[in-house]
Amino acid sequence: MMQMNEPQTCYDIVVIGGGINGVGIANDAVGRGLSVLLCEKDDLASHTSSASSKLIHGGLRYLEHKEFRLVREALAEREVLLAKAPHIIRPMRFIMPHQPHLRPAWLIRTGLFFYDHLGKREKLAGSNLVQFKPETSPLNKDITRGFEYSDCAVDDSRLVILNAIQAREKGANIVTQTRCIAAQRENAVWAVQLENEQGVYQVQAKVLVNAAGPWVAQFIQQDLKLKSPYGIRLVQGSHIIVPKIYEGDKAYIMQNDDQRIVFAIPYLNQYTMIGTTDREYHGDPNQVEITQPEIDYLLKVSNDHFKTQLVINDIVSTFSGVRPLCDDESDNPAAITRDYTLAVSQQHSAEAPLLSVFGGKLTTYRKLAESALEQLKKFFTTMGQPWTAHALLPGAENLVSVEDLISEIQTKIKGIDLPTASRWAHAYGTYVWKFLNYSSSVHELGQSFGHGLYAQEVDYLVDQEWAITSQDILCRRSKLYLEFKQDQVDLLDAYLLELHERRLQKDVA
Ligand SMILES: Cc1cc2nc3c(=O)[nH]c(=O)nc-3n(C[C@H](O)[C@H](O)[C@H](O)COP(=O)(O)OP(=O)(O)OC[C@H]3O[C@@H](n4cnc5c(N)ncnc54)[C@H](O)[C@@H]3O)c2cc1C
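Residues numbered from 1 in each chain as written. Predicted model: local features only at pLDDT ≥ 70, side-chain atom pairs only at ≥ 80, totals over all residues. Heavy atoms only, no water.

- Naming follows an unreviewed UniProt entry, where the protein chain appears as Glycerol-3-phosphate dehydrogenase of Acinetobacter nematophilus.
- Per UniProt, the protein chain has the following entry under Cofactor (unreviewed entry): "FAD". (UniProt positions renumbered as here; feature names shortened; annotations may be inferred.)

Listed below in structure tokens is the structure:
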């Protein structure tokens, strides 16, 4: 960690925010030869970027809002991202039950035709009609036919972490639990004040990138004391997680009477994730939580479609996030554009520029980063060319297939169970050997915390993936929080405390 008495460093770019857009820009920039610092006030991916529907998708419903640019870009990104990170992204088939009173078949067929052809598609299968047999279909018996198409599912928070790892490997300085509390222009550079547990320190930046997500406008107004070029609309979206309500690996896209759609998505083998909602949000983005009307809404949409009828007590867990959408003055929160806008502000050419990110999707983070760097080209005339389209993310190198990696882990680590080998292969890809390399049996992995979490993995997450608390490990580096009981969390907390103390003593020595 940077010391407060260290001589002041001037970075090419300081990025505010460790969500997908911040790490995406930091990674692209450092790979082009720029010096980069990224600061995140909490943990990486601790806000919107871990509260998504976890889809890399074109966004079929955005066609209804005529968002052709966004859909074309997002459709093409599915294949690009799938190739970059096949361990954390997988193709998924989506079934849309036909509800003729909501959308006529010709409209859906037209939409799916565009969906199949607007963006380049090599690995993902096209759309088709499906008939449901009442005896085998999980859907209510009055739903007899529908449509099927492809998109992808992603581990959203790990997409953030992998981009951060790659950025660090290329030389970026990524600091978490560090808030940018102010920044002032001092002619050609920004003087940026950062606050962490140890106090306040200052760095300089030639360009400041504001990727603060839901805080983007607030950061400009309160911390920079400037006027935001765009308004931001915060739209809450919530999900419920229930024990799986149907077998199989396909997702369902359910149409609702209010013209919205809700997904039911197979989640972590034993669950179904149901969401999302769209609700204008005026509270503190740090405090967002699912509301009772959202729970009722999601249960009703599911029960209107599936034979398995859910009640509130079936809910295992919920999560909620706020979409930071660029205000297009739409009356309906579901209709506000999901496209992104980048604003570069600089009153005269000698003044240090500010680039702010408004809106965006997980799916388009890489293209957003490329556009951001394109806009910054005039300030860094010698910087490198775009490089992220074909570069693999950490763990995808030498990955023949996730299935092969699972078998390899099971062969090398005697006694390891299949769910753990599978979790590791999906989360880390070939980076799993960074913490398993010198082990040949489960007994060599150190203390067991339950559900396949061992000390060796915890140490790796602390040393290499910025994990500090049990929540960082259980909620964002893995999704083990759904399995862990309180006494197991306490055990992990005690271990982490001891580990931090050991590390501190080592630093002092
Ligand atoms: C319910 C829901 C479902 C979604 N589903 C999908 C989906 O399926 N597919 C898809 O592609 N997209 C989806 N999205 C959209 C996607 O999740 C967001 O567009 C994306 O995560 C936004 O990332 P971000 O980096 O802009 O914001 P964030 O992830 O919120 O990151 C911003 C970060 O900035 C930090 N920060 C703020 N102020 C400061 C400061 N002063 N100093 C330091 N750090 C600061 C915050 O702590 C935060 O971590 C969904 C969004 C929601 C809410």
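Don't stop here, the text continues.
**Digging into the packing of helix 8 (residues 402-412) against helix 9 (residues 418-428)**
- Their axes nearest at 9 Å, the elements helix 8 and helix 9 cross at an angle of 130°. When the axis of helix 8 is compared with that of helix 9, the two are oblique. Along this stretch, helix 8 crosses helix 9, giving a crossing that reads as right-handed. Contacts between helix 8 and helix 9 involve Val402, Leu405, Ile406, Ile409 and Gln410 from the first element and Leu418, Ala421, Ser422, Trp424, Ala425 and His426 from the second. (Axes fitted to C-alpha atoms, helices over the stretch in contact; angles between N-to-C directions. Helix = DSSP H or I, 4+ residues; strand = E, 2+ residues; numbered from the N terminus. Parallel < 35°, antiparallel > 145°, perpendicular 65-115°, else oblique. Left-handed = near helix turned anticlockwise from the far one by under 90°. Contact = heavy atoms within 4.5 Å.)

**Some details on the pairing of strand 8 (residues 179-186)**
- Examined bridge by bridge, strand 8 and strand 9 (residues 189-196) share 7 bridges and lie antiparallel to one another. By the bridge assignment for strand 9, Ala182 is matched with Gln193.
- Connecting strand 8 to the next strand, strand 9, in antiparallel fashion are 2 residues, including Asn187 with a positive phi near 55°. (Pairing = 2+ DSSP bridges.)

**Let's talk about the environment of Thr430**
- Turning to its location among the elements, Thr430 is positioned in the loop between helix 9 and helix 10 (433-436).
- Assessed through its relative accessible area of 17%, Thr430 is described here as buried.
- Measuring from C-alpha to C-alpha, the distance between Thr430 and Asn398 comes to 7.0 Å, with 32 residues separating the pair along the chain.
- Filtering out sequence-adjacent residues up to four positions away, Thr430 remains in contact with Gly395, Ala396, Glu397, Asn398, Leu399 and Leu405. (Buried < 20%, exposed > 50% of the residue type's maximum accessible area, 1.4 Å probe, protein only.)

**Let's talk about the site of the ligand**
- Around the ligand there are 38 residues in total, and Glu40, Ser49, Leu55, Gly360 and Thr363 lie nearest to it.
- Contacts to the ligand include Ile20, whose backbone N or O atom sits 3.2 Å from an oxygen atom.
- One nitrogen or oxygen atom from the side chain of Lys361 is found 3.4 Å from a nitrogen atom belonging to the ligand.
- In the complex, the protein chains occlude 98% of the 1000 Å² of accessible area that the ligand would expose alone.
- Those elements that provide at least two residues to the shell around the ligand are helix 1 (20-31), strand 8, strand 11 (232-243) and strand 16 (317-326).
- A per-element tally of the shell around the ligand places strand 16 first, with 3 residues.
- Broken down by class, the residue content of the shell around the ligand amounts to 13 nonpolar, 18 polar and 7 charged.
- Each of domain 1 (10-47 + 158-231 + 338-376) and domain 2 (85-153 + 233-330) accounts for three or more of the residues forming the shell around the ligand. (Near = heavy atom within 4 Å. Polar contact = N/O pair within 3.5 Å; in protein donor to acceptor, adjacent residues only side chain to side chain. Areas by Shrake-Rupley, 256 points an atom, 1.4 Å probe, with all protein chains shown as cover. Nonpolar A, V, L, I, M, F, W, Y, C, P; charged D, E, K, R; others polar. Domains from an automatic or database assignment.)

**Quick look at the domain arrangement of the protein chain**
- What the domain assignment reports for the protein chain is domain 1 (10-47 + 158-231 + 338-376), domain 2 (85-153 + 233-330) and domain 3 (402-508).
- Computed from C-alpha coordinates alone, the two centres of domain 1 and domain 2 are separated by 32 Å.
- At the interface, 15 residues of domain 1 touch 13 residues of domain 2.
- Between domain 1 and domain 2 the total buried area reaches about 1100 Å² when both faces are included, carbon and sulfur atoms providing 65% of it.
- The largest contributions to the domain 1 side of the interface with domain 2 come from Pro214, Gly231 and Arg338, which together make up 42% of the buried area.
- Taken together, the links from domain 1 to domain 2 amount to 1 salt bridge.
- Put simply, Asp278 and Arg338 hold a salt bridge, and the shortest N to O gap is 2.6 Å.
- Counting across the interface, domain 1 meets domain 2 through 4 residue pairs in polar contact (both at pLDDT 80 or more).
- Counting residues per element, the side of domain 1 that touches domain 2 draws most heavily on helix 4 (residues 156-169), at 3 residues. (Buried area = accessible area lost by both parts, 1.4 Å probe. Salt bridge = Lys/Arg side-chain N within 4 Å of Asp/Glu carboxyl O.)

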